[in-house]
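# Structural features, examined
Below, each chain spelled out in residue letters.
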Amino acid sequence: MSPLSRRGFLAGTTATAAAFGLSAAATTAARADTRAAATLYIASDSTAQTYNSGYYPQAGWGQTLPPFFTSSITVANHAIGGRSSRSFIEQGRLAAIHQVIRAGDYLFVQFGHNDATTTNAERYTPPADYKEYLRDDYIRATRARGATPVVVTPVSRRSYNASTGQFNVSFPAYVDAARAVAAEEGAPLVDLSALSRTYLNGIGPEAAKQVFLWLSPGQYPNFPDGVSDDTHFQQNGATQMSRLVARAVARLGLPLSGEVRPTTA
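Just so we're clear, the structure is a prediction, and the values are computed from it rather than from any experiment.

### A word on unusual backbone geometry
Following Tyr56, the chain continues to Pro57 via a peptide bond in cis, the omega torsion being 15°. Within the element layout of this structure, Pro57 appears in the loop between strand S1 (38-43) and strand S2 (58-59). In this model, Phe171 sits at a positive phi of 55°, which is unusual for a non-glycine residue.

### A look at the sheet that holds strand S3 (residues 73-77)
An order of S3-S1-S4-S5-S6 is seen for the five strands of this open sheet, with the pairing classed as parallel. Two strands bound the open sheet, and with one partner strand each, they are S3 and strand S6 (189-190). Direction of pairing for S1 relative to S3: parallel, over a ladder of five bridges. Residue pairing in the sheet places Ala38 in a bridge with Ile73 of S3.

### Some details on helix H5 (residues 127-143)
With 17 residues, H5 extends 22 Å between its outermost C-alpha atoms, agreeing within 8% with the 24 Å of an ideal straight helix rising 1.5 Å per residue. At Leu134, H5 shows its maximal kink, close to 30°.

### What to know about the pattern of salt bridges
Across all of its chains, the model carries nine salt bridges by this definition. Across the pair Arg86 and Glu90 runs a salt bridge, and its minimum N-O distance is 3.1 Å. Here Arg86 and its partner Glu90 are both found in helix H3 (residues 85-90), four residues apart, which amounts to about one turn of the helix. With relative accessibility at 12%, the residue Arg86 sits in the buried group. When its relative accessible area of 27% is taken as the criterion, Glu90 is described as partly exposed. Between Lys209 and Glu206 there is a salt bridge, with its nearest N and O atoms 3.4 Å apart. In this structure Glu206 comes out as exposed when scored by relative accessible area, which is 54%. Ionic contacts of the salt-bridge type, sharing partners, join the residues Arg135, Asp136, Arg140 and Glu185 into one network.

Criteria and cut-off values
- Residues numbered from 1 in each chain as written.
- Predicted model: local features only at pLDDT ≥ 70, side-chain atom pairs only at ≥ 80, totals over all residues.
- Heavy atoms only, no water.
- Helix = DSSP H or I, 4+ residues; strand = E, 2+ residues; numbered from the N terminus.
- Pairing = 2+ DSSP bridges.
- Expected span 1.5 Å × (residues − 1).
- Bend = angle between axes of the 7 residues up to and from the residue.
- Salt bridge = Lys/Arg side-chain N within 4 Å of Asp/Glu carboxyl O.
- Buried < 20%, exposed > 50% of the residue type's maximum accessible area, 1.4 Å probe, protein only.

Below, the structure is given as C-alpha cells:
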C-alpha cells in the first residue's frame, strides 16, 4: 500500500477500532463527564508498551510515564509491540485513538524500531514513507481533531562503539526524518534519541545492562533462563526513559508542560 494520503483508509478503519479494545479500558476514565484536564495518548511500539505482571520486570516508557504528571493528566498508552508507523495505521490502531481524542488532548508518537526491519515486509517502512505517515496521519490528522501531536524520536538501543564506549545513534535515518518533519510542521519534538544516548553515555555500557532487559538465570520467575536484550527495558530503565520524556515536555512550552511534576527534575 502506498503512503496514506489516505483519508479514506483511516475513515474505513474506524469501524474496526473497537475490535482491538483500544478505545475502552485505556480511555474510559478520560471520556467521562468528570474527565481529566487532558489525555496524553501514546502511539508506539514495544519500547513504550505496557506489560502485565507476567512480564515483570519488563516495562515500557509509556507504562512508567503517568507518575511524572499531575493527576490532571490521564495517560492512555496504546503502544504495542511489533508495530511500525505504517502497520499501526493499517491495523486501525491510530483510527481507534482518533475516534476518542478531543481538543486539548495530546498524541505522542514514537516509531522507528520496527520501521527499520527490512526483513519483515509487514513492518518495514522506508524513511521517506515513515516521514509521510508522521506528517499526514499522525501530525496533521491529529491537529484536525483539535489535539496536539508530539513527535518522539526513537529511543536508543544498547548499541555502542566498543573502542570508545560511546553509544551509537540507533536508527539514524528515522531519527533524522522525525526531526525534519517536526521542524517542517512546527510540531513539538521530544528528541528521545539524543536524550537517551546522553544518559547512556553518562552511565556506560555495563551499567546500561540495568536499564535494558539483561537478567541472570533465576533472577526473576518470569525469565527463568535469564535474558540479554539490548532493545527493551526493565522497570528501572523504563522509568529513566519516562523521566527524560517528562523533562523534555516541561521545556516545550505547552499547557501540558505545566503538568509535569516538579520532582521530575
